[in-house]
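Topology and contacts: notes
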Amino acid sequence: MTNRKVARDLGHSDDDSAALAWCSSVNASYGTVLALDNASVEVHAGQALAVVGPSGSGKSTLLHCMIGLLVPDGGTVGFEGMTLSEEIDRRRSAIRLERMGVVFQFGELLPELTIRENVALPRWLIGDSKSAAASAADELLATFDLEQLGDRHPADVSGGERQRAAVARSLVHEPSVVFADEPTGSLDSANADNVIATLLKRTRANGQALLLVTHEARFAEQCDRIVTMRDGRIAEPAPNP
Ligand SMILES: Nc1ncnc2c1ncn2[C@@H]1O[C@H](COP(=O)(O)OP(=O)(O)O)[C@@H](O)[C@H]1O
Ligand SMILES: [Mg+2]
């Protein structure tokens, strides 16, 4: 096996440029459950990395470490040249809000804000005016076929509509990396196709990186690289016959 192939199989890119987001030999536990066991991945500008694997294999925990929400027990996490795992809480939160787009697997939107305000929120937080943020939000709401729903609250739309709004929110402030945790789990296939196509098209066109956790092989295959998780580990590839 060549070094290039080994690198690719471990989830590292052939690209020599610095990764926008990475984690190296990360361990994370919940009590006695070892959720991440020596996991290393990286994502580069303009590239999409799919993370696949059975339920409970550690995909969400990996994403939570990479966005700095969870500090690993061991190993390091990096983002845009910073060692995120060494930053203090408040700084990690600021980096996440300003520089990352995140679609969480569960619990997406703020219930007291309208759908438009939820989508606009990352732009307010980086200092845009309310009207500039609202117009950026409206453009994305239209992309996801939500333009009629901007004035409603999350409780008054469907689960799939909330999920599409969460995807819109992850893109609105043009973050350098979008982390999306099963962003099509509540969607019909036409909306799921549109969400994945839009995530891939926008991030590639803007030189952003995308880390996509997905159960759908057809979506993983559209990414530039795929890593498979099993029992908290990045699985070794099956040996060639
Ligand atoms: N908050 C938590 N408390 C205790 N165990 C957890 C928690 N979150 C996840 N786990 C456990 O950690 C392991 C990895 O979970 P998770 O990262 O959510 O996997 P996936 O996203 O691949 O389904 C599983 O065994 C899960 O039960
Ligand atoms: Mg998960």
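Residues numbered from 1 in each chain as written. Chains lettered and ligands numbered in written order. Predicted model: local features only at pLDDT ≥ 70, side-chain atom pairs only at ≥ 80, totals over all residues. Heavy atoms only, no water.

Comments concerning the pairing of strand 8 (residues 209-213)
Rules: Each residue is assigned to one of three classes by its accessible area relative to the maximum for its type, calculated with a 1.4 Å probe on protein chains only: buried under 20%, partly exposed between the two thresholds, exposed over 50%. We count a stretch as a helix when DSSP gives it H or I for four or more residues in a row; a strand needs E for two or more, and each element gets its number in order from the N terminus. Should DSSP find at least two bridges between two strands, the strands are regarded as paired.
Strand 8 sits mainly inside the fold: 5 of its 5 residues count as buried. Neither face of strand 8 is exposed, since Ala209, Leu211 and Val213 on one face and Leu210 and Leu212 on the opposite face are all buried. In terms of strand pairing, strand 3 (residues 48-52) meets strand 8 through 4 bridges, oriented parallel. If you follow Val51 over to strand 8, its bridge partner there is Val213. In the sheet, strand 7 (residues 177-181) pairs with strand 8 via 5 bridges, with the strands oriented parallel. From the neighbouring strand, Phe179 faces strand 8, where its bridge partner is Leu211.

A look at the layout of surface pockets
Applied cut-off: A cavity here means a set of 1 Å grid points, computed over protein atoms only, where a 1.4 Å probe fits but cannot escape. A pocket is an open set with protein on both sides within 12 Å along at least 5 of 7 lines, and lining residues have an atom within 4 Å of a point. Grid points are joined across faces, edges and corners, and a volume is the space filled by probe spheres set on the points. In this count, Pro and Cys sit with the nonpolar residues alongside Ala, Val, Leu, Ile, Met, Phe, Trp and Tyr, while Asp, Glu, Lys and Arg are called charged and the others, Gly among them, polar.
Its volume calculated, the largest pocket comes out at about 320 Å³. Forming the walls of the largest pocket are 16 residues, and the residues nearest its centre are Leu97, Val102, Phe104, Pro122 and Arg169. Sorting the residues of the lining of the largest pocket by element identifies helix 3 (89-99), strand 6 (100-103), helix 4 (115-125) and helix 6 (159-171) as the ones contributing at least two each. Within the lining of the largest pocket, the residues separate by chemical class into 9 nonpolar, 4 polar and 3 charged.

A word on the pattern of salt bridges
Which entries qualify depends on this criterion: Salt bridges are counted wherever a side-chain nitrogen of Lys or Arg sits within 4 Å of a carboxyl oxygen of Asp or Glu.
Throughout the structure, instances matching the rule amount to 11 salt bridges. A salt bridge links Asp37 to Arg233, with the shortest nitrogen-to-oxygen separation between them at 3.0 Å. Separated by 196 residues along the polypeptide, Asp37 in strand 2 (residues 33-43) and Arg233 in strand 10 (residues 233-234) bring together distant segments of the chain. The partner of Arg91 in a salt bridge is Glu87, and the shortest N-O contact between them spans 3.7 Å. Here Arg91 falls in the partly exposed class, since its relative accessible area comes to 40%. Look at Glu87 and you get partly exposed, because its relative accessible area is 23%. Within this structure, Arg116, Asp138 and Asp151 form a network of salt bridges that share partners.

A look at the site of ligand 1
Just so we agree on the cut-off: Being near a molecule or strand, for a residue, means having at least one of its heavy atoms within 4 Å of it. Under this definition, polar contacts are N or O atom pairs within 3.5 Å; protein pairs additionally need one hydrogen-donor-capable and one acceptor-capable atom, and for neighbouring residues in sequence, both atoms have to be side-chain atoms. All accessibility values rest on the Shrake-Rupley procedure with a 1.4 Å probe; residue burial counts only the protein chains present in the view.
Lining the immediate environment of ligand 1, one finds Tyr30, Val33, Ala35, Pro54, Ser55, Gly56, Ser57, Gly58, Lys59, Ser60 and Thr61. Lys59 has a polar side-chain atom sitting 2.7 Å from an oxygen atom of ligand 1. Within the complex, 59% of the 560 Å² of free accessible area of ligand 1 lies under protein. If one sorts the elements of the shell around ligand 1 by residue count, helix 2 (residues 59-66) sits on top with 3 residues.

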